[in-house]
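Working through the structure, step by step
Residue-level listing of the chains:
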Amino acid sequence: MRTSKYLRSAVSGGALILAICGLGAGSAAAFDGTATPLLAPADALHAPTAAPETADRSKNLTSLEYAADQGHLAAQWKVGRMYAAGDGVARDDKRAFVYFSQIANTHPEEPPGTAEARIVANAFVALGNYYLTGIPNSTVLPNTARAREMFAYAASYFGDADAQYQLGRLYLEGTPSEPHQAARWFQLAAIKGDCRAEAALGDMLFQGKRIPRQAARGLMWLTLSKDCAGPEEAWIKPLVDGAFHRASDDDRALALVYLEDWLKGRRD
């Protein structure tokens, strides 16, 4: 969640700076020789992935995998995330891909706006990222067209901000580049508060990258992006600082007006 912290400071002389400081569904072995305990989806989603004892971690994973193999959506997502990140298990992108594929294949029409829909959208984004890079020693090869399909579905049907940002990147960096489409998807994600999309859209507008230049509007989006950027978005701060260094005093002042209007609209 973004912090919604904003700071503005006036500099003498009228220069206004905005500083925003191939697997099967095998049956799991029972713990006690009888039946394997089944976690409800909500329990599977929130179950800890790293227990103090190896035996406990094994039980937790076995229980989650059993629930996932029974078709429980949250468990499928949780196990897929564990294998994708190497969280409590050895990283295995092929196994993660299978679980995310199960979600995408069985829940593509989950009603948007629900917790389940967010899980499904996340699975589509994960699959899109795998298709961008491919998975070594597997049949999943780099396939930009397939990645775009994954992102486009999550972006359009579920309105997922991550997917919208990734789709915007593909349009911007593709051959041929489609900057107007990229800006459209960046804006949809930026409105939802995705700081990467805010930065990408702000940079396009400020520089006039193959779209009409709107320097002040670009500065507004760049300002918002700096507020929510974390360690994984270290590229954003120098982008914002560079834009403000090159901006005119009038652009900075107008950006502040846009920013105040934006924040007022969010509060209202």
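Please refer to the structure higher up on the page.
Model, not experiment: these values are computed from the prediction.

1. Focus on the overall build of the chain
A tally of helices and strands in the chain yields twelve helices and two strands. Looking at the chain residue by residue over its 268 residues, the buried ones come to 44%. Approximately 13900 Å² of the chain is accessible, and the part contributed by carbon and sulfur atoms is 52%.

2. Thoughts on the pattern of salt bridges
For the structure shown, the criterion picks out ten salt bridges. Between Lys 209 and Asp 203 there is a salt bridge, with the nearest N and O atoms lying 2.6 Å from each other. When its relative accessible area of 9% is taken as the criterion, Asp 203 is described as buried. Between Lys 226 and Asp 241 there is a salt bridge; the shortest N-O distance is 3.0 Å. Taken together, the residues span a long stretch of sequence, with Lys 226 in helix H10 (residues 215–228) and Asp 241 in helix H11 (residues 236–246) at a distance of 15 residues.

3. Regarding unusual backbone geometry
Residue Pro 176 is bonded to the preceding Thr 175 through a cis peptide linkage, with omega at 5 degrees. Of note, Pro 176 is situated in the loop between helix H7 (161–173) and helix H8 (179–191). Phi at Asn 137 takes a positive value of approximately 60 degrees, unusual for a residue other than glycine. Relative to the helices and strands, Asn 137 resides in the loop between helix H5 (115–133) and helix H6 (144–156).

4. Observations concerning the packing of H10 against H11
Packing of H10 against H11 brings their axes to within 9 Å, and their N-to-C directions diverge by 145 degrees. As H10 packs across H11, the resulting crossing turns out to be left-handed. Between H10, through Leu 219, Leu 222, Thr 223, Ser 225 and Lys 226, and H11, the contact on the second element is made entirely by Ile 236, Lys 237, Leu 239, Val 240, Asp 241, Ala 243 and Phe 244. In terms of residue class, the contact of H10 with H11 is made up of seven nonpolar, two polar and three charged.

5. Quick word on the nonpolar core
Ranked by internal contacts, the top residues of the largest apolar core, which has 61 residues, are Phe 100 and Phe 186. When near neighbours in sequence (up to four residues on either side) are disregarded, Phe 100 contacts Trp 77, Gly 80, Arg 81, Ala 84, Ala 123, Ala 126, Leu 127 and Tyr 130. Judged by nonpolar contacts, the second largest core, of 13 residues, contains Phe 206, Ile 236, Ala 247 and Ala 255.

6. A word on the environment of Ala 247
Along the chain, Ala 247 turns up in the loop between H11 and helix H12 (249–267). Residue Ala 247 is classed as buried on the basis of its relative accessible area of 7%. Between the C-alpha atom of Ala 247 and that of Ala 215, which follows or precedes it by 32 residues, the distance is 7.6 Å. When near neighbours in sequence (up to four residues on either side) are disregarded, Ala 247 contacts Phe 206, Leu 219 and Arg 252.

7. Observations concerning the packing of aromatic side chains
Taken as a whole, this structure holds ten aromatic pairs when the rule is applied. When the centroid spacing of 6.4 Å and the interplanar angle of 5 degrees are considered together, the rings of Tyr 83 and Tyr 99 count as stacked. With Tyr 83 in helix H3 (residues 73–85) and Tyr 99 in helix H4 (residues 93–106), this residue pair connects regions lying 16 residues apart in the sequence. As far as the burial class goes, Tyr 83 and Tyr 99 line up, both buried. Judged by centre distance (5.8 Å) and plane angle (35 degrees), the rings of Tyr 165 and Phe 186 are tilted. Placement of the pair is Tyr 165 in helix H7 and Phe 186 in helix H8, with a sequence separation of 21 residues. Both residues of the pair, Tyr 165 and Phe 186, count as buried. An aromatic cluster of at least three residues, connected via ring pairs, comprises Phe 124, Tyr 153, Tyr 157 and Phe 158. The ring of Tyr 171 has Arg 148 lying over it, and the distance from NZ or CZ to the ring centre is 4.5 Å. Over the ring of Phe 206 we find Arg 213; its NZ or CZ atom is 4.9 Å from the centre of that ring.

How each quantity is defined
- Residues numbered from 1 in each chain as written.
- Predicted model: local features only at pLDDT ≥ 70, side-chain atom pairs only at ≥ 80, totals over all residues.
- Heavy atoms only, no water.
- Helix = DSSP H or I, 4+ residues; strand = E, 2+ residues; numbered from the N terminus.
- Buried < 20%, exposed > 50% of the residue type's maximum accessible area, 1.4 Å probe, protein only.
- Areas by Shrake-Rupley, 256 points an atom, 1.4 Å probe, with all protein chains shown as cover.
- Salt bridge = Lys/Arg side-chain N within 4 Å of Asp/Glu carboxyl O.
- Axes fitted to C-alpha atoms, helices over the stretch in contact; angles between N-to-C directions.
- Left-handed = near helix turned anticlockwise from the far one by under 90°.
- Contact = heavy atoms within 4.5 Å.
- Nonpolar A, V, L, I, M, F, W, Y, C, P; charged D, E, K, R; others polar.
- Core = buried A, V, L, I, M, F, W, Y, C linked by side-chain atoms within 4.5 Å.
- Phe/Tyr/Trp six-rings, centres within 6.5 Å; stacked < 30°, edge-to-face > 60°.
- Lys NZ or Arg CZ within 6 Å of the ring centre and 35° of its normal.

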